[in-house]
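# Observations on the model geometry
Residues per chain, in single letters:
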Amino acid sequence: MPLSYNFAYLDEQSKKMIRRSILKAIAIPGFQVPFGGREMPLPYGWGTGGIQLTAAIIGPDDRLKVIDQGSDDTVNAISIKAFFKKTAGIAITEETKEATIIQTRHRIPETPLQKGQIMVFQVPIPEPLQFIEPKKSQTVKMHGFEEYGSMHVKLYEDIAKFGRIATAFDYPVQVHQRYIMSPSPIPKYDNPKLHRSPAVHLFGAGREKRIYAVPPYTDVVSLDFEDYPFELEKWDGACAVCGSTDSFLDEIITDDTGTRVFICSDTEYCKKNTGNPAP
Amino acid sequence: MYVAVKGGEKAVKNSQRLVAKKRRGDISVQKISMDQIANQLGLGVDRVMAEGSLYDVTAAAMAIQQAQGDMTEAVFLVRAFRTTLKRFGNSIPVQTTKMTAIRRVSGIFKDIPGGQILGPTYDYTHRLIEPDPDHAPDPPCDRHTDTAPPDKTAACDDISPLPEELPRVIDILQAQGLLQQDETTPPGDAAEDLTRQPLAFPVSRNLRLQALARGDEGFVLGTAYSLQRGFGLDRHPFLGELKVGYVAVRYTPPELGFDIHIGRIKLTECVMVNRQDDAVRKAAGFETGYGLVFGQNERKAMSMSLLDRSLAARKNTGKTDYPAQDPEFILSHCDSVESSGFVQHLKLPHYVDFQSELVFIRNRRKDHTPDKGNP
């Protein structure tokens, strides 16, 4: 069995195919482009879509940052970084500002993104209408005809039942006044960061074989109603480590009696705030 | 305080060390060789090749060992290896009528041209666990010792003199005009490739068959079984023909311009026959379902042909009352690498999403408005 693999694992033909799909996705913001997703040596659900996107766009000069749940050091982020270190030998960074490509699962960094940076999202379920209509053959038509009434009805039903919209993460957005898109399971706290962002945002769903994108400076609006506007999560306290009151906070249980403290989910941002920049 | 989120790298390394240790087990016990797996766990190797979509006995045997016998994990390893291989062309479609059969049975005719061949099967054994199932002296065929490449297992199949060509049993029905014509599948270069393009619905028959052929055996079996229990079939299906054997693979390299023999592969082929009497649309007759799987795997090939028929039925009747009639339900969920990955990804951290849920629940509890309808 051959033991050598191409730069960044995928063969060049597959990379070209993925890059063509990315270009199409950028040309039609928020539209899910079907692509010939390849099988990767990491399991589906572990970020195979994101890994394929990164593999297709990465070059030897890139600096890659990988986060999971906002952290550079969770097991899955470590594993994906190890994969690209091994197959592409590229530089890894934890500095959001330094990175040219940031692959992420479930978060967008707190540090504002810049022009020229590419965010790569790992997407489990690319179809925002999936839980309203599980059949792809139907949802394709709904997107085609911009038939989004059922999504608004679902949000309305939330308000009728709970007094507010009950989606806390993977909160649907409308991109460039046209397609309704899943922002991937980021907390809705991160949704506004997509709106007119100077960075390129690429979304890859490996198992479902879909790629979609938000080009730079594109309108990304979280769905809501005039009288029930989109609202963000709020915390009463601040980060127990850096004291930040403007970042997404994770809850840490510190003892058996259930004492809770809150700390930043974005570990790099937190370290920076404490005057202790990431290595 | 960062204990909860730090230390990922070290933990992963330790875990990989532990799994290597677990895999080796007690070092006083001899290590299993690839040859032993390829020869003595041959049906397992066949399954991994089929679901891995790669006819490579060595790769499958290595994967089974590396996965500690976890078949789904072994399939995954083979798939991840396969995906890196270059697709250099399409073979000429294999001729299963020219198969060197080691087994061939039909449930619809007692005597068929070419004869019924029971061959190696567990069908008529008594399933009693025996201290040493091979207590009898080794069968005469033990030519392949540890020096022989593992795919020489073929040498062990007792091939009795069989006709060069076995006519297909359903050709008998075909000749009498009792069969509905199947959708024709484009041969050769025109064939689509599920591993190079995403599944889209409505799905063509050749992609449907590809998806089923590499689908998880358990899923394909279970959903085919549901048909038999009335969740999609209203009468008993029949086994037209089930055949296991070796076929030659021929390929035309573009630089040569003529076809050459590049190897032999073991296949299981199945044709199921169902009565069809939708009198409104067409004359009464029979319709068939087709199954073709790498290696010897009759359970899988039979289930596949039942599903092939029921999934085609949607087009004919427009009805999908049951899951096993719905191409999107079956084909989107039959892949073990996809389903195993997505179910098990729940082991990954979901702190952020769960935090969002916690914030939502807490805020909701703070709301003073009493819930309508809820006490």
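Keep in mind that this is a model prediction, so the values were computed, not measured.

Cut-off values and rules
- Residues numbered from 1 in each chain as written.
- Chains lettered and ligands numbered in written order.
- Predicted model: local features only at pLDDT ≥ 70, side-chain atom pairs only at ≥ 80, totals over all residues.
- Heavy atoms only, no water.
- Helix = DSSP H or I, 4+ residues; strand = E, 2+ residues; numbered from the N terminus.
- Buried < 20%, exposed > 50% of the residue type's maximum accessible area, 1.4 Å probe, protein only.
- Areas by Shrake-Rupley, 256 points an atom, 1.4 Å probe, with all protein chains shown as cover.
- Contact = heavy atoms within 4.5 Å.
- Buried area = accessible area lost by both parts, 1.4 Å probe.
- Salt bridge = Lys/Arg side-chain N within 4 Å of Asp/Glu carboxyl O.
- Polar contact = N/O pair within 3.5 Å; in protein donor to acceptor, adjacent residues only side chain to side chain.
- Nonpolar A, V, L, I, M, F, W, Y, C, P; charged D, E, K, R; others polar.
- Expected span 1.5 Å × (residues − 1).
- Arc of directions from axis to C-beta.
- Disulfide = S-S within 2.5 Å.
- Domains from an automatic or database assignment.
- Phe/Tyr/Trp six-rings, centres within 6.5 Å; stacked < 30°, edge-to-face > 60°.
- Lys NZ or Arg CZ within 6 Å of the ring centre and 35° of its normal.
- Pairing = 2+ DSSP bridges.
- Core = buried A, V, L, I, M, F, W, Y, C linked by side-chain atoms within 4.5 Å.
- Axes fitted to C-alpha atoms, helices over the stretch in contact; angles between N-to-C directions.

## What to know about the overall build of chain B
Each helix and strand in chain B was counted, giving 12 helices and 4 strands. Burial status across chain B gives 41% buried among its 375 residues. Accessible area of chain B: about 21,400 Å², with a carbon and sulfur share of 56%.

## What to know about the interface of chain A and chain B
At the junction of the two partners, chain A supplies 67 residues and chain B supplies 50 residues. Summing both sides of the interface, chain A and chain B together bury roughly 5,100 Å²; the carbon and sulfur share of this comes to 60%. Applying the counting criterion to the chain A and chain B interface returns 6 salt bridges. With a closest N to O distance of 2.4 Å, K135 of chain A and D326 of chain B form a salt bridge. Here chain A and chain B share 18 residue pairs in polar contact (both at pLDDT 80 or more) between them. Its residues placed into classes, the side of chain A that touches chain B shows 36 nonpolar, 11 polar and 20 charged.

## Description of helix α1 (residues 12–27) of chain A
All names here are of chain A. For α1, spanning 16 residues, the distance from its first C-alpha to its last is 22 Å, which sits close to the expected 22 Å at 1.5 Å a residue. Within α1, the full set of buried residues consists of S14, K15, M17, I18, S21, I22 and A25. In a view along the axis of α1, the buried residues occupy a sector of 160°, so they form one face of it. Relative to its buried face, α1 has exposed residues pointing more than 90 degrees away, namely Q13, R20, L23 and A27. Residues of α1 that are buried make contact with β1 (33–34), α2 (48–57), β8 (200–205) and β9 (210–214).

## Topic: the state of the cysteines
Residues and elements named next belong to chain A. One pass over the full model with this rule turns up 0 disulfides over all chains. Considering cysteine sulfurs only, C239 is the nearest to C270, which forms no disulfide, with 3.8 Å between them. Its relative accessible area of 1% is what places C270 among the buried residues.

## Here's the deal with the domain arrangement of chain B
Residues and elements named next belong to chain B. In terms of domain boundaries, chain B breaks down into domain 1 (12–82) and domain 2 (96–120 + 150–339). With 19 residues of domain 1 at the interface, the matching set in domain 2 holds 22 residues. Between domain 1 and domain 2, a total of about 1,700 Å² is buried, with carbon and sulfur atoms accounting for 55% of that surface. Taken together, domain 1 and domain 2 are joined by 4 salt bridges. Between E217 and R47 there is a salt bridge; the shortest N-O distance is 3.5 Å. Our count for the contact surface shared by domain 1 and domain 2 stands at 8 residue pairs in polar contact (both at pLDDT 80 or more). Elements represented by at least two residues in the side of domain 1 that touches domain 2 include exactly α2 (34–40), α3 (42–52), α4 (57–66) and α5 (71–82). Considering each element in turn, the side of domain 1 that touches domain 2 owes the most residues, 6 residues, to α3. Per-class residue counts for the side of domain 1 that touches domain 2 are 9 nonpolar, 4 polar and 6 charged.

## Concerning the packing of aromatic side chains
We describe a pair of aromatic rings using the distance from one ring centre to the other and the angle between the two ring planes. A complete count under the given rule lists 14 aromatic pairs over all chains for this structure. Ring geometry for F83 of chain A and F84 of chain A: centres 5.2 Å apart, planes at 75°, overall edge-to-face. On the accessibility criterion, F84 of chain A (0% relative accessible area) is buried. Ring plane angle 80° and centroid distance 5.2 Å describe the contact between Y55 of chain B and F294 of chain B, whose orientation is recorded as edge-to-face. With Y55 of chain B in the loop between α3 and α4 and F294 of chain B in strand β4 (residues 285–294), the pair connects residues that are 239 residues apart, well separated along the chain. Judged by relative accessible area, which is 26%, Y55 of chain B ranks as partly exposed. Each member of the aromatic cluster is reached from another via a ring pair, and the members are Y5, Y9, F83 and F84 of chain A. Above the face of the F342 of chain B ring, R207 of chain A is positioned so that its terminal group lies 3.6 Å from the ring centre.

## Let's talk about the pairing of strand β3 (residues 260–276) of chain B
Residue and element names in this part refer to chain B. Of all 17 residues in β3, 12 are buried, a share of seventy percent or more. Relative to β3, strand β2 (residues 238–251) runs antiparallel, the two being bridged by 13 bridges. Along β3, the bridge assignment pairs Y251 with I260. Taken together, the 10 bridges between β3 and β4 define a ladder with antiparallel strand orientation. Bridge assignment links L267 to a residue of β4, and that residue is F294.

## Re the nonpolar core
Residue and element names in this part refer to chain A. Counting 31 residues, the largest nonpolar core has I18, I51, L53, L64, F83, F84 and I211 as its most contacted members. Top contributing element to this core by residue count: helix α3 (residues 75–88), with 5 residues. Setting aside anything within four residues of it in sequence, one finds L64 in contact with T54, I58, F84, I90, A91, I92, T93, I101 and Q103.

## A few points about the domain arrangement of chain A
Residue and element names in this part refer to chain A. Each assigned domain of chain A is listed with its residue range as follows: domain 1 (12–126 + 174–220) and domain 2 (234–279). Counting from both sides, the interface comprises 14 residues of domain 1 and, opposite them, 15 residues of domain 2. When the two sides are added together, the surface that domain 1 and domain 2 hide from each other amounts to roughly 1,200 Å², 44% of it contributed by carbon and sulfur. By the criterion of area lost to domain 2, the three top residues of domain 1 are E94, E95 and E110, representing 41% of everything that side buries. Counting every contact that joins domain 1 to domain 2 gives 2 salt bridges. The salt bridge partner of K271 is E94, with a shortest N-O separation of 3.4 Å. Counting every contact that joins domain 1 to domain 2 gives 11 residue pairs in polar contact (both at pLDDT 80 or more).

## Quick notes on the sheet that holds strand β1 (residues 100–105) of chain B
Residue and element names in this part refer to chain B. With antiparallel pairing, the 4 strands of this open sheet are ordered in space as β1-β2-β3-β4. Single-partner strands in this sheet number two, and they are β1 and β4. The mean inter-strand angle of the sheet, taken between neighbouring strand axes irrespective of direction, is 20°.

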